[in-house]
Amino acid sequence: MNKLDIKTRAMILNMMVEGNSMRSISRVVGVSINTVTKLLIEAGEACAKYHNNTVRNVKTTRVECDEIWSFVYAKAKNVETSKSAPDGSGDVWTWTAIDADSKMILSYEVGDRSGDTAYEFMVDLASRLSNRVQLTTDGHRAYLDAVEGAFGGDIDYAMLVKQYGGSTGKQGHEKKYSPAECIGIKKEQVFGEPIEELVSTSYVERQNLTMRMGMRRFTRLTNGFSKKLENHLHMLSLYFVHYNFVRIHKTLKVTPAMAAGVSDTLHDTAWIVGLIDANAPAPKKRGPYKKKDNSN
């Protein structure tokens with residue numbers, strides 16, 4: 001079976017995590033869209049496995065969580081009238097937890113914005129921490145039961161509730177595409193004894209912007225959105241491993257994984273190609289050659 005060389009596969013993966021669409025990568029590199037898609041699937045599977053096995057027993061002090069919206073195939077309001085919407089179509093929320101000190105993505109979960117998804121997300125986060133932390137989320141009420149169920153009382157937890165004004169004073173299209181104005185914040189102590197000065201979601205919200213810049217699927221008002229939920233998950237897995245283990249943080253001067261003590265090595269994208277090859281199933285042993293009988 002023909003296989004692209006390491007350099008070409010690394011180039012394709014680099015373009016994926018820098019915000020290029022699948023078809024633009026296909027045109028630039030000169031390979032078929034099926035080749036790009038196949039590489040995404042292989043990278044997603046290998047990176048999901050690596051993240052799950054490696055990001056464990058992380059020692060930190062502050063964790064921030066948030067959710068970011070996107071959609072698959074069509075927005076929720078249009079799925080019912082779509083002719084061939086696949087399973088998983090509609091609004092999709094990606095929940096992320098970031099270490100405020102090392103900027104490492106500790107956990108992520110993809111689903112809706114319900115309490116069930118929040119609980120699964122918090123259970124996964126709790127399984128990756130080695131010590132008691134201070135946790136900050138936004139005011140989404142699904143977090144309350146989820147945090148209590150996953151951590152019990154072994155956490156210092158606070159909510160940062162933002163208050164928004166009704167209008168920014170802008171008119172027409174300018175008003176349509178402008179965010180609501182934040183007119184105040186309220187810090188609510190929920191569990192334990194969180195330090196008020198450290199109650200913040202600034203880092204995880206900045207990470208949301210980085211995700212929108214780094215993945216075409218999250219860019220608003222384009223046709224680069226995910227068409228299949230599976231490919232959406234694969235892209236997230238690739239992005240988070242690249243962000244944690246390959247991309248040097250401009251302030252820290254090392255990768256987030258190195259800053260968190262999870263890794264002591266600076267990796268490159270060719271290393272991710274190595275993860276793909278290591279995750280590939282071993283080739284099957286060829287059976288004995290049978291000579292064709294032409295006697296009849």
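Refer to the structure printed above.
Read on for a plain summary of the structure. For clarity, every value in this text was computed on a predicted model and none was experimentally measured.

## As for the overall build of the chain
Here is step 1: Helix and strand content of the chain: 11 helices and 6 strands.
Here is step 2: Overall, the chain is about 85 × 50 × 35 Å in size when its C-alpha atoms are taken along their principal axes.
Here is step 3: Contacts in the chain between residues at least 24 apart in sequence constitute 62% of all its contacts with a sequence separation of at least 6.
Here is step 4: Split by element, the accessible area of the chain, about 16,600 Å² in all, is 50% carbon and sulfur.
Here is step 5: Once the 40 positive and 34 negative side-chain charges of the chain are each reduced to a mean point, those two points are 11 Å apart.

## Topic: the nonpolar core
It is characteristic of soluble globular proteins that their nonpolar side chains tend to be buried jointly.
Here is step 1: Core analysis: the biggest nonpolar cluster contains 63 residues, and Met16, Met122, Leu125 and Leu238 have the highest contact counts within it.
Here is step 2: Ranked by residues supplied to this core, first place goes to helix 9 (residues 229-245) with 8 residues.
Here is step 3: If we ignore the near neighbours within four places in the chain, the residues touching methionine 16 are Met22, Ile25, Val36, Leu40, Gly214, Met235 and Leu238.

## A look at the pattern of salt bridges
Here is step 1: Evaluation of the coordinates by the stated rule reveals 11 salt bridges.
Here is step 2: Of the charged contacts in the structure, one is a salt bridge between arginine 132 and aspartate 154, with a shortest N-O distance of 3.3 Å. Of this pair, arginine 132 sits in the loop between helix 5 (115-127) and strand 4 (134-137) while aspartate 154 sits in the loop between helix 6 (142-151) and strand 5 (156-164), and the two are 22 residues apart along the sequence.
Here is step 3: Its relative accessible area of 37% is what places arginine 132 among the partly exposed residues.

## As for the pairing of strand 2 (residues 90-99)
Here is step 1: By the criterion of burial, strand 2 is predominantly enclosed, with 8 of the 10 residues buried.
Here is step 2: Where strand 1 (residues 62-72) meets strand 2, 10 bridges bridge the pair, whose relative direction is antiparallel. Bridge pairing links serine 70 to valine 92 in strand 2.
Here is step 3: Here strand 2 runs beside strand 3 (residues 105-111); their pairing, made up of 6 bridges, is antiparallel. By the bridge assignment, tryptophan 95 is partnered in strand 3 with glutamate 109.
Here is step 4: Between the antiparallel neighbours strand 2 and strand 3 lie 5 residues, among them lysine 103 with a positive phi of about 65°.

## Some words on the side chain of serine 102
Here is step 1: Position of serine 102 relative to the elements: it lies in the loop between strand 2 and strand 3.
Here is step 2: Assessed through its relative accessible area of 3%, serine 102 is described here as buried.
Here is step 3: Looking at serine 102, its side chain comes within polar contact range of the side chain of aspartate 99, at 2.6 Å.
Here is step 4: Setting aside residues no more than four positions away along its own chain, serine 102 makes contact with Leu252, Pro256, Ala259 and Ala260.

## Side note on the packing of helix 9 against helix 11 (residues 269-279)
Here is step 1: Viewed as axis vectors pointing N to C, helix 9 and helix 11 meet at an angle of 130°, and their least axial separation amounts to 11 Å. Regarding the angle of helix 9 to helix 11, the classification is oblique. Along this stretch, helix 9 crosses helix 11, giving a crossing that reads as right-handed. Every residue of helix 11 that contacts helix 9 at Leu238, Val241, His242 and Phe245 is listed here: Thr269, Trp271 and Ile272.

## Considerations on the sheet that holds strand 5
Here is step 1: As summarised here, the arrangement of the 6 strands in space is 3-2-1-4-5-6, forming an open sheet in which the pairing is mixed. Sheet topology places strand 3 and strand 6 (182-191) at the edges, where each strand pairs with a single neighbour. The mean angle between the axes of side-by-side strands here comes to 20°, regardless of whether they run parallel or antiparallel.
Here is step 2: Sheet analysis places strand 1 next to strand 4, joined by 3 bridges and oriented parallel. For arginine 62, the partnering residue across the bridge sits in strand 4 and is glutamine 134.
Here is step 3: Contacting strand 1, strand 2, strand 4, strand 5 and strand 6, helix 6 runs over the sheet at an angle of about 170° to strand 5.
Here is step 4: The strands touched by helix 8 (residues 202-214) within the sheet are strand 1, strand 2, strand 3 and strand 5, with strand 1 carrying the most contacts at an inclination of about 30°.

Rules used in this analysis
Residues numbered from 1 in each chain as written. Predicted model: local features only at pLDDT ≥ 70, side-chain atom pairs only at ≥ 80, totals over all residues. Heavy atoms only, no water. Helix = DSSP H or I, 4+ residues; strand = E, 2+ residues; numbered from the N terminus. Contact = heavy atoms within 4.5 Å. Areas by Shrake-Rupley, 256 points an atom, 1.4 Å probe, with all protein chains shown as cover. Lys, Arg positive; Asp, Glu negative; His and termini not counted. Charge placed at Lys NZ, Arg CZ, Asp CG, Glu CD. Core = buried A, V, L, I, M, F, W, Y, C linked by side-chain atoms within 4.5 Å. Buried < 20%, exposed > 50% of the residue type's maximum accessible area, 1.4 Å probe, protein only. Salt bridge = Lys/Arg side-chain N within 4 Å of Asp/Glu carboxyl O. Pairing = 2+ DSSP bridges. Polar contact = N/O pair within 3.5 Å; in protein donor to acceptor, adjacent residues only side chain to side chain. Axes fitted to C-alpha atoms, helices over the stretch in contact; angles between N-to-C directions. Parallel < 35°, antiparallel > 145°, perpendicular 65-115°, else oblique. Left-handed = near helix turned anticlockwise from the far one by under 90°.

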